[in-house]
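Breakdown of the fold
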Amino acid sequence: KAKENGKNQYRFFDAEIEQASDEMQQTRIELKKAITEQEFRLLFQPKVDAVTRLVHGAEALLRWQHPTRGLLSPTHFIEAAERFGMIEEINAWVISQTCSTISQARDRGIDLSISVNLSNQQFRNKNLDAHIQSILEQHQVEARNLILEVSETTAIHHQAQFKETLRHFKKQGLKISLDDFGLHPFSLTHLQDLEISEVKLDRSLTKGVAASKTSLSIVEAIVKLAHALDLNVVAEGVEDEDQRQALVSINCDQMQGYLFSKPVEQKFLFDVFSELQLRSTTKSLF
Ligand code: C2E
Ligand code: MG
Ligand code: MG
Ligand code: MG
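Description of the structure in this document. A quick note: this is a predicted structure, and the numbers were derived from the prediction, not measured.

**Topic: the layout of surface pockets**
- Estimates place the volume of the largest pocket at around 1200 Å³.
- Around the largest pocket sit 36 residues that line it, and Leu 61, Thr 75, Asn 117, Asp 179 and Asp 180 are the ones nearest its centre.
- For the lining of the largest pocket, the elements supplying multiple residues, two or more each, are strand S2 (55–66), helix H2 (78–83), helix H3 (87–107), strand S4 (113–117), strand S5 (146–151), helix H5 (152–157) and strand S6 (175–181).
- Split into classes, the residues belonging to the lining of the largest pocket amount to 12 nonpolar, 13 polar and 11 charged.
- Looking at the second largest pocket, its volume works out to about 220 Å³.
- Lining of the second largest pocket is provided by 15 residues; of these, Arg 41, Leu 42, Leu 43, Glu 265 and Gln 266 occupy positions nearest its centre.
- Of all the secondary structure elements, the ones that give two or more residues to the lining of the second largest pocket are strand S1 (40–49), S2, H3 and helix H11 (266–285).
- The greatest single-element share of the lining of the second largest pocket, amounting to 5 residues, is contributed by S1.
- Residues that form the lining of the second largest pocket fall into these classes: 6 nonpolar, 5 polar and 4 charged.

Written out as structure tokens, the structure is:
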């Protein structure tokens, strides 16, 4: 009897694995089509000054307009794209679109810096710096207007190549931002030997600052350390005024979050830009 059960179980897992690989196969086909049929969209979330609320720049955030599943966030497909070796092509498109947006902003008299998120995998490519350089040149965009966000996880897993690539980026005049900062013990110790100019406090840190004194103290220590190392500090996921004020009280430099704006399409970015600019000006008058 036990043996029989075992056999059934084995069959069950077998079927599950088969189904999973079918799904993977399906995802692979759909992602390929997404690239050729241009189903990707890029949204932009404004990054504002913590105190004045003036817009400093924006972060480009990828979306997949899936034919049946709707608008998908990268959490639903980035891992698969990495596994199937498609991330480079997708991110090349992201960087290219971003540079095009920077250049269109410039045509409207707006000096806009935009951040893009790099994937861990891209650091395996030794020509990443040259590749980005060629996209910049193609759009006649200055390196100082493009910020590259890399996650802490990348820094941990690709130490040697990572440091080398960051050095090249710095030489090119590109700015590096350490994304999702504060999630790992890594955070503080390795800051000093990486060529970065900014840290982005992970949303999980922002969450607690208004409600808990302890959380605020921890974040305050991080901000102090970052400032001592001459790094710009951006808080992610700021959703309410209490959080903003708490973060201002510990000298956080800039913020992103639903309190200011959700990620918006390019055509709205320039509007949001002037609107937030206007609102903050009006505010400071009273
Ligand atoms: P991230 O770089 O840490 O981006 C911040 C995420 O927080 C974004 O999710 C953004 O929409 C969301 N967010 C912003 N403000 C708020 C807020 O006030 N409240 C809440 N609850 N969420 C907020 P999104 O767009 O789904 O992106 C998820 C992650 O996917 C990003 O995290 C980034 O690591 C990755 N990603 C985004 N775009 C790209 C891309 O072009 N290439 C690659 N390789 N990864 C990307
Ligand atoms: Mg990011
Ligand atoms: Mg982040
Ligand atoms: Mg995050």
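**Observations concerning the site of ligand 1**
- Close contacts around ligand 1 come from 23 residues, with Arg 63, Ser 73, Asn 91, Glu 239 and Tyr 258 the closest.
- Within the contact set of ligand 1, a nitrogen atom lies 3.2 Å away from a backbone nitrogen or oxygen of Leu 62.
- Note that a nitrogen atom of ligand 1 is positioned 2.8 Å from one of the side-chain N or O atoms of Asn 91.
- In isolation ligand 1 offers 800 Å² of accessible surface; the protein chains occlude 85% of this area.
- Using a 2 Å cut-off from the grid points, one finds that ligand 1 occupies the largest pocket.
- When residues of the shell around ligand 1 are traced back to their parent elements, those giving at least two are S2, H3 and S6.
- Here the shell around ligand 1 gets 4 residues from one element, more than from any other, and that element is S2.

**Focus: the environment of Asn 120**
- Structurally, Asn 120 can be placed in the loop between S4 and helix H4 (128–138).
- A relative accessible area of 23% places Asn 120 in the partly exposed class.
- It is 35 Å that separates the C-alpha atoms of Asn 120 and Glu 275, two residues lying 155 residues apart in sequence.

**Describing the packing of aromatic side chains**
- The full count for this structure, using the stated rule, is 6 aromatic pairs.
- Judged by centre distance (5.5 Å) and plane angle (85 degrees), the rings of Trp 64 and Phe 77 are edge-to-face. Here Trp 64 is found in strand S2, whereas its partner Phe 77 is found in the loop between strand S3 (70–72) and H2, with 13 residues between them in sequence. This pair shows no difference in class: Trp 64 is buried, exactly as Phe 77 is.
- Members of the aromatic cluster, each reached through a chain of ring pairs, are Phe 40, Trp 64, Phe 77 and Trp 93.
- A cation over a ring is seen here: Arg 83 above Phe 84, with NZ or CZ 5.9 Å from the ring centre.
- Note that Lys 262 overlies the ring of Tyr 258, its terminal NZ or CZ placed 4.9 Å from the centroid.

Analysis parameters
Residues numbered from 1 in each chain as written. Chains lettered and ligands numbered in written order. Predicted model: local features only at pLDDT ≥ 70, side-chain atom pairs only at ≥ 80, totals over all residues. Heavy atoms only, no water. 1 Å grid on protein atoms, 1.4 Å probe; cavity = no way out; pocket = protein on both sides within 12 Å on 5 of 7 lines; lining within 4 Å. Points joined across faces, edges and corners; volume = space filled by probe spheres on them. Helix = DSSP H or I, 4+ residues; strand = E, 2+ residues; numbered from the N terminus. Nonpolar A, V, L, I, M, F, W, Y, C, P; charged D, E, K, R; others polar. Near = heavy atom within 4 Å. Polar contact = N/O pair within 3.5 Å; in protein donor to acceptor, adjacent residues only side chain to side chain. Areas by Shrake-Rupley, 256 points an atom, 1.4 Å probe, with all protein chains shown as cover. Sits in = over half its atoms within 2 Å of the grid points. Buried < 20%, exposed > 50% of the residue type's maximum accessible area, 1.4 Å probe, protein only. Phe/Tyr/Trp six-rings, centres within 6.5 Å; stacked < 30°, edge-to-face > 60°. Lys NZ or Arg CZ within 6 Å of the ring centre and 35° of its normal.

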